[in-house]
Amino acid sequence: MINFFKKLINTISRRSFGRTIEYSLGRFRTVRSLRRFYLKNFDKSDFIYGNNRKFIKHLNSKEVIYNLKKKGLHEGLQLNDKTIKKFNSFIYKSKTVEHGNLKRKISTNDALKYNAKRPSDPILVLDHQSKELNNFSNTVARSKTLLEIAEKYLGKVKKIQTKVQTSLVADAGIYYREDNGQTVTFHYDVEGFNFVYIFFYLSDCDKYSGAHESILYSHNFKKLKHLFSSACQSEENIYSTYKGKNKVIKGKVGFGFVEDTSCFHRAIAPLFSKRVCFQIRYVG
């Protein structure tokens, strides 16, 4: 029986099948569980080793895993002051490139001034890029404190991706935002078999400045029409299906949370002030 499971999960995980099979099967809880079981017990590839540097304040990893499994979300992580200052310093020195289709190179201040003119093609999200920022982001992502949470939840971490972005105030409709990489529509991630995200706000954030919104418990409970149709669903559909389960995640600078993005979630478009965010994606 064990050999059967090993062969089955190895088969559906082969890269030769491409993204299509991941998109088709990664949305099912059973497939994700089998993937976790395989990685934890049978995968022979090398581990990604963590570092012992301290970037966040103390947390209870057992509580994090419990909340992830039950609700799909754990709030309350906190970057320490030294780490926040380093991020701010590297962001200030980095180049900024528009996220999405146009890829315009523009500073944050110039982008804000441009959007204030209410153009037909506002700039929504900026990617902060520099060798120093990328290296520091990857070092934080590989801290044992965070990496061990991902490993316990996924079975094993196979890949880590990081990004630092600023979401800007802009006058734009939903379709323009979605076409240009700002995910303001409720959706669940399907670009892999198993994954977990850790987010840190690098600016004060509430529902008026681009907060993240998650639908609790939806990583484990979806209607068949959600599993066998688009991963994106309307606000009306989600709110009526998951009454009282939505959670707008607010926090001060350095506040963080862990999310199984198999949950329905979205970014709320900033209305009054920009949002700066550091994101880590752990893939199993």
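These numbers come from a predicted model, not from an experiment.

1. What about the overall build of the protein chain?
The helix and strand inventory of the protein chain stands at 11 helices and 12 strands. Taken over the C-alpha trace, the protein chain has a radius of gyration of 19 Å; the compact-globule value for 284 residues is 19 Å, and the two agree within 12%. Referenced to the eigenvectors of the C-alpha coordinate spread, the extents of the protein chain come out at roughly 65 × 45 × 35 Å. Counting across all 284 residues of the protein chain, residues that qualify as buried make up 50%. If you take every contact in the protein chain between residues at least 6 apart in sequence, the share linking residues at least 24 apart comes to 85%. A total of about 14,600 Å² of accessible surface is found on the protein chain, and carbon and sulfur atoms cover 52% of it. The positive charge centre, built from 52 side chains, and the negative charge centre, built from 25, are 6 Å apart in the protein chain.

2. Digging into the nonpolar core
In this structure, Phe 87, Leu 146 and Tyr 282 are the most contacted members of the largest nonpolar core, which totals 34 residues. Elements supplying a minimum of two residues to this core: α4 (61-71), α5 (81-93), α7 (131-141), α8 (144-154), β4 (159-167), β6 (195-201) and β12 (275-283). The element best represented in this core is α8, accounting for six residues. By size, the runner-up hydrophobic cluster in this structure holds 11 residues, among which are Leu 73, Phe 199, Tyr 201 and Cys 205.

3. Considerations on α8
Among all positions of α8, only Leu 146, Leu 147, Ile 149, Ala 150, Glu 151, Tyr 153 and Leu 154 are buried. Among the residues trailing α8, Gly 155 stands out with phi positive, at a value near 95 degrees.

4. With respect to the packing of aromatic side chains
Evaluated as defined, the whole model comprises 16 aromatic pairs. Residues Tyr 188 and Phe 264 carry aromatic rings whose centres are separated by 5.1 Å and whose planes lie at 85 degrees to one another, so their mutual orientation is edge-to-face. Taken together, the positions of Tyr 188 in the loop between β5 (186-187) and β6 and Phe 264 in the loop between β10 (255-259) and β11 (265-267) put the pair 76 residues apart, joining distant regions of the chain. What makes Tyr 188 buried here is its relative accessible area of 2%.

5. Considering the packing of α5 against α7
Put simply, α5 and α7 touch, their axes get as near as 9 Å, and they point 155 degrees apart. Between α5 and α7, the interaxial angle falls into the category roughly antiparallel. For the element pair α5 and α7, the recorded crossing hand is left-handed. Contact with α5, carried on its side by Thr 83, Lys 86, Phe 87, Phe 90 and Ile 91, involves Glu 132, Leu 133, Phe 136, Ser 137 and Val 140 of α7 and no other residues of that element. Looking at side-chain class alone, the contact of α5 with α7 contains six nonpolar, two polar and two charged residues.

6. What about the pattern of salt bridges?
On inspection of all chains with the given rule, the structure shows eight salt bridges. For Glu 98, the salt bridge is made with Arg 104, and the minimal N-O distance between the two is 2.7 Å. Overall, the relative accessible area of 22% leaves Arg 104 in the partly exposed class. In this structure, the salt-bridge partner of Asp 121 is Arg 104, at a minimum N-O distance of 3.2 Å. With a gap of 17 residues between them, Asp 121 in the loop between α6 (108-116) and β3 (125-129) and Arg 104 in the loop between β2 (95-98) and α6 connect regions that are remote in the sequence.

7. Topic: the environment of Tyr 175
By the element assignment, Tyr 175 lies in helix α9 (residues 174-179). With relative accessibility at 71%, the residue Tyr 175 sits in the exposed group.

Basis of the calculations
Residues numbered from 1 in each chain as written. Predicted model: local features only at pLDDT ≥ 70, side-chain atom pairs only at ≥ 80, totals over all residues. Heavy atoms only, no water. Helix = DSSP H or I, 4+ residues; strand = E, 2+ residues; numbered from the N terminus. Rg over C-alpha atoms; globule rule 2.2 N^0.38 Å. Buried < 20%, exposed > 50% of the residue type's maximum accessible area, 1.4 Å probe, protein only. Contact = heavy atoms within 4.5 Å. Areas by Shrake-Rupley, 256 points an atom, 1.4 Å probe, with all protein chains shown as cover. Lys, Arg positive; Asp, Glu negative; His and termini not counted. Charge placed at Lys NZ, Arg CZ, Asp CG, Glu CD. Core = buried A, V, L, I, M, F, W, Y, C linked by side-chain atoms within 4.5 Å. Phe/Tyr/Trp six-rings, centres within 6.5 Å; stacked < 30°, edge-to-face > 60°. Axes fitted to C-alpha atoms, helices over the stretch in contact; angles between N-to-C directions. Parallel < 35°, antiparallel > 145°, perpendicular 65-115°, else oblique. Left-handed = near helix turned anticlockwise from the far one by under 90°. Nonpolar A, V, L, I, M, F, W, Y, C, P; charged D, E, K, R; others polar. Salt bridge = Lys/Arg side-chain N within 4 Å of Asp/Glu carboxyl O.

On their own, these measurements won't tell you what the molecule is for.
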